[in-house]
Amino acid sequence: MTRIGLISDTHSYLDDAVFKHFENCDEIWHAGDFGDSKVADALAEFKPLKGVYGNIDGRDIRSVYPEDLQFNCEGVKVWMTHIGGYPGKYDRRIRSEIQNEEPDLFICGHSHILKVMYDKNITCLHLNPGAAGKYGWHKVRTLLRFCISEKKILNLEVIELAGR
């Protein structure tokens, strides 16, 4: 079993509570808009980190993290990107690719809106952890935490950090 802490849109702000909420996680996944390398470095020093760059990220982040990241975790085919849309409204850039690749788990950020949706057309769970940073129009900062075991996504939790 792999325990995952999912975060996005930190925009150069990393709440100390993230470390408490992710202390029992095996890995942290960041769905883009780190803001700067200090956030990425702090997360990577704490736990193994997988991530993608977002539209506000500069060369320091883009030189380390890709635009799209596809990998397997415990038999679950994962695709993470920053600007991806959601079931029924996938971003134009990846719409046909996602239908061809058929990931089991599709993760994105960007909207600052926490979403958990199942796409029955491609049998895929879509996750957007919302925004954990203080910049943006969201009112509550959020994270997701879940487990992957034997090709199953389990124990999904929404964590509210606080208002902006």
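All of the points below concern the structure found in this document. (Residues numbered from 1 in each chain as written. Predicted model: local features only at pLDDT ≥ 70, side-chain atom pairs only at ≥ 80, totals over all residues. Heavy atoms only, no water.)

When helices and strands are tallied, the chain shows four helices and 12 strands. Dimensions along the principal axes, computed over C-alpha positions, put the chain at roughly 40 × 35 × 30 Å. Buried residues in the chain amount to 48% of all 164 residues. Put simply, of all contacts in the chain between residues at least 6 apart along the chain, 49% involve residues at least 24 apart. A total accessible area of about 8100 Å² is found for the chain, and carbon and sulfur atoms account for 46% of it. With 21 positive and 24 negative side-chain charges, the chain shows a separation of 5 Å between the mean positions of the two kinds. (Helix = DSSP H or I, 4+ residues; strand = E, 2+ residues; numbered from the N terminus. Buried < 20%, exposed > 50% of the residue type's maximum accessible area, 1.4 Å probe, protein only. Contact = heavy atoms within 4.5 Å. Areas by Shrake-Rupley, 256 points an atom, 1.4 Å probe, with all protein chains shown as cover. Lys, Arg positive; Asp, Glu negative; His and termini not counted. Charge placed at Lys NZ, Arg CZ, Asp CG, Glu CD.)

With that settled, consider the sheet that holds strand S8 (residues 105-107). Working definition: the strands of a sheet are paired by backbone hydrogen bonds and lie parallel or antiparallel to each other. Reading across the sheet, the five strands line up as S4-S5-S8-S10-S9 and stay open at both edges, with mixed pairing between neighbours. Looking at the sheet topology across the chains shown, the edges are occupied by strand S4 (68-73) and strand S9 (114-119). Sheet twist, expressed as the mean angle between neighbouring strand axes with direction ignored, is 15°. (Pairing = 2+ DSSP bridges. Axes fitted to C-alpha atoms, helices over the stretch in contact; angles between N-to-C directions.)

Summed over the entire model, instances satisfying the criterion amount to seven salt bridges. The shortest N-O distance in the salt bridge between lysine 50 and glutamate 27 comes to 3.2 Å. With lysine 50 in strand S3 (residues 49-51) and glutamate 27 in strand S2 (residues 27-30), this residue pair connects regions lying 23 residues apart in the sequence. Residues joined in a network through salt bridges with shared partners are Glu67, Asp68 and Arg93. (Salt bridge = Lys/Arg side-chain N within 4 Å of Asp/Glu carboxyl O.)

So, about the pairing of S9. Pairing of S9 with strand S10 (residues 124-129) involves six bridges; the strand directions are antiparallel. Counterpart to methionine 117 in the pairing with S10 is histidine 126.

What follows is about the environment of asparagine 100. With respect to the helices and strands, the residue asparagine 100 is situated in helix H4 (residues 95-101). Along the sequence, asparagine 100 and isoleucine 122 sit 22 residues apart, while their C-alpha atoms lie 9.1 Å from each other.

Despite not being glycine, histidine 110 shows a phi value in the positive range, around 80°. By the element assignment, histidine 110 lies in the loop between S8 and S9. Residue histidine 110 is classed as partly exposed on the basis of its relative accessible area of 34%. With a phi close to 45°, threonine 123 is a non-glycine residue in the positive phi region. Among the structural elements, threonine 123 can be located in the loop between S9 and S10.

The values are spatial; any link to function lies outside them.
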